[in-house]
Amino acid sequence: VCSSDLDGEKISIIEKMDKVKDNPDCFFVISGTGGGTGGAVAKLLEEMKKSYIEPVYYMGILPSEEDPVEVRNNYSKVFKDILKHSDAQFFVDNDHLKRGRRLRGRYDDINMQIYRYLNSLFEIGEVRSRDEVGTEGVTTGDTISTLSGVSTIGIGEYIFADTSKGLFGLSKKKDVDKPELIISLTEEASKNFLTDFDFNDAQKALVVVSGPKKHLDFLGSIPARLWVEKRISGEVRGGDMPSKEKKKLQVMLVFSGIKKSDRLSQIYVQNKKVDVKAEASDTTSGVYEKLGSINVKVSNLRDELIEISEQMEEMVEEKDTKD
């Protein structure tokens, strides 16, 4: 929960969080990065970092080109503070996810995409039964060890066809080349981020393969991890996560410590220009106001000079009369 007047409310928010939290692994804050919410969230993140030892992660919805100017202005003001006061940052680009359509008609679809990505991330470490663990399990600790700085999530999915009923599907073969399929899904995941990123300079990566246990046996996530290791110079973690979903195989990639993003830089520069224009407009307005004030003073001064001149003329006339 954020407010544009967070200075007086951030302590209250922390107190309410203290009442409901119970041995959390981390804190995850989601908000817009524009408008009043974006302007206030950095203060909340700063207070959370002071109050808790657990990692504080942030997901921000980037302002769209369709948003009003005042909404976009705040992004360039708070962006650096968000990076400073959170351990890892995920950014969602609505202009990227709307796929060329108008944003207003895409909110439900975009929200479902965000939910699907976050749900996959939050499921890590939720496996309880030892029988469910795959060849090499992945834990919450792997996620925390990976996340640092600007991060992103990508997902690739494969739906197994029901060959017994002869339904149409992606494949009608009973036997699927697992390593080849895993690599294909990894490539797909690397193109399906919530924001358009170039992940090659990422410092860390986490690879998670989830699906029916029978499809995780033998190699599991190894082909996906090898694929990622060839493309980044940083540390790569990974493992398997058995799922109750019997017909779906998923590869999730989490890249973290991304040093450069053309998209984030582009949005920052665009909004900074908008902000500068707004400031220039405010400055111009201020100049006009000052000029108007000066004009009033000059007019008053002219009236006073006329009055003084008339008084002086009267004094001269009185002096001439006496003489």
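Notes on the structure follow. Each chain carries its own residue numbering, running from 1 in the written order of its sequence. With the structure being a predicted model, the display of local features is reserved for residues of pLDDT at least 70 and the display and counting of side-chain atom pairs for 80 or more, all residues being used for whole-chain, interface and lining totals. With hydrogens and water set aside, each side-chain value is computed from the structure's full complement of heavy atoms.

**Things to note about the overall build of the chain**
Piece 1. For the chain, the helix and strand inventory stands at nine helices and seven strands.
Piece 2. Across the 323 residues in the chain, those meeting the buried criterion constitute 41%.
Piece 3. In the chain, of all internal contacts separated by at least 6 residues, the share reaching a separation of at least 24 is 83%.
Piece 4. Values of accessible area rely on a 1.4 Å probe in the Shrake-Rupley scheme; residue burial ignores everything except the protein chains shown. Of the roughly 18800 Å² that the chain leaves accessible, carbon and sulfur atoms contribute 50%. Numbering of helices and strands starts at the N terminus; helices are DSSP runs of H or I of at least 4 residues and strands are runs of E of at least 2. The cut-offs for exposure are 20% and 50% of the maximum accessible area for each residue type, with area from a 1.4 Å probe on protein chains only; residues under the lower value are buried, those over the upper are exposed, and the others partly exposed. Here, two residues are considered to be in contact whenever any of their heavy atoms come within 4.5 Å of each other.

**Some remarks on the packing of aromatic side chains**
Piece 1. To pair, rings of Phe, Tyr and Trp, with the six-membered ring standing in for Trp, must have centres within 6.5 Å; the planes then decide the type, stacked if under 30 degrees apart, edge-to-face if over 60, and tilted in the middle. By the definition in use, this model includes 10 aromatic pairs.
Piece 2. Arranged with centres 6.3 Å apart and planes meeting at 35°, the rings of Phe-199 and Trp-227 form a pair that is tilted. Here the residue Phe-199 occupies a position in the loop between helix H7 (178–189) and strand E5 (204–211), and Trp-227 occupies one in helix H8 (residues 222–229), the gap between them amounting to 28 residues.
Piece 3. On the basis of relative accessibility, which here comes to 8%, the residue Phe-199 falls in the buried class.
Piece 4. Aromatic rings pair up to connect Phe-193, Phe-199, Trp-227 and Phe-255 into one cluster.
Piece 5. Over a ring means this: the NZ of a Lys or the CZ of an Arg is within 6 Å of the ring centre and within 35 degrees of the ring normal. A cation over a ring is seen here: Arg-231 above Trp-227, with NZ or CZ 3.9 Å from the ring centre.

**Considering the packing of helix H1 (residues 10–20) against helix H2 (residues 35–51)**
Working note: a packed helix pair is described by the angle between its axes plus the distance between those axes.
Piece 1. Whenever a helix is involved, its axis is fitted only over the stretch in contact; in every case the axis is a line through C-alpha atoms, and angles between N-to-C directions fall within 0 to 180 degrees. Relative to each other, H1 and H2 sit at 50°, their axes nearing to 10 Å. The pairing of H1 with H2 is recorded here as oblique in orientation. With respect to the hand of their crossing, H1 and H2 are arranged in right-handed fashion. Together, Lys-10, Ile-11, Ile-13, Ile-14 and Met-17 of H1 and Lys-43, Leu-44, Glu-47, Met-48 and Ser-51 of H2 make up the contact between the two elements. When describing relative orientation, an angle under 35 degrees is termed roughly parallel and one over 145 degrees roughly antiparallel, while 65 to 115 degrees is termed roughly perpendicular and anything else oblique. Less than a right angle of anticlockwise turn of the near helix away from the far helix marks a crossing as left-handed, whereas a clockwise turn marks it as right-handed.

**Here's the deal with the pairing of strand E1 (residues 27–32)**
Across a regular strand the side chains alternate sides, sitting on one face of the sheet and then on the other.
Piece 1. Burial along E1 is one-sided: Phe-27, Val-29 and Ser-31 are buried, while Phe-28, Ile-30 and Gly-32, pointing the other way, are not.
Piece 2. Any two strands with at least two DSSP-identified bridges between them are counted as paired. Direction of pairing for E1 relative to strand E2 (residues 56–62): parallel, over a ladder of six bridges. Bridge assignment links Ser-31 to a residue of E2, and that residue is Gly-60.
Piece 3. In terms of handedness, the path from E1 via H2 over to E2 forms a crossover that is right-handed. Consider the strands pointing away from the viewer: the crossover is right-handed when the path from the first strand over the helix to the second runs clockwise.

**Section: the side chain of Ser-86**
Piece 1. Tracing the chain through its elements places Ser-86 in the loop between helix H3 (69–84) and strand E3 (88–93).
Piece 2. Setting aside residues no more than four positions away along its own chain, Ser-86 makes contact with Leu-45, Val-56 and Tyr-58.

**Some points on the pattern of salt bridges**
Here the idea is simple: oppositely charged side chains can pair when their charged atoms come close.
Piece 1. A carboxyl oxygen of Asp or Glu within 4 Å of a side-chain nitrogen of Lys or Arg is what we treat as a salt bridge. Summed over all chains, the structure comprises 10 salt bridges.
Piece 2. Here Lys-49 and Asp-87 are joined by a salt bridge, their closest N and O atoms 2.8 Å apart. One end of the pair, Lys-49, is in helix H2; the other, Asp-87, is in the loop between H3 and E3, with 38 residues separating them in the sequence.
Piece 3. What makes Lys-49 partly exposed here is its relative accessible area of 32%.
Piece 4. Across the salt bridge formed by Glu-235 and Arg-237, the nearest N and O atoms sit 3.1 Å from each other.
Piece 5. For Glu-235, a relative accessible area of 39% translates into the label partly exposed.
Piece 6. Here the salt bridges do not stand alone but share partners, grouping Glu-66, Asp-93, Asp-95, Lys-98 and Arg-263 into one network.

Taken by themselves, the reported measurements are silent on function.
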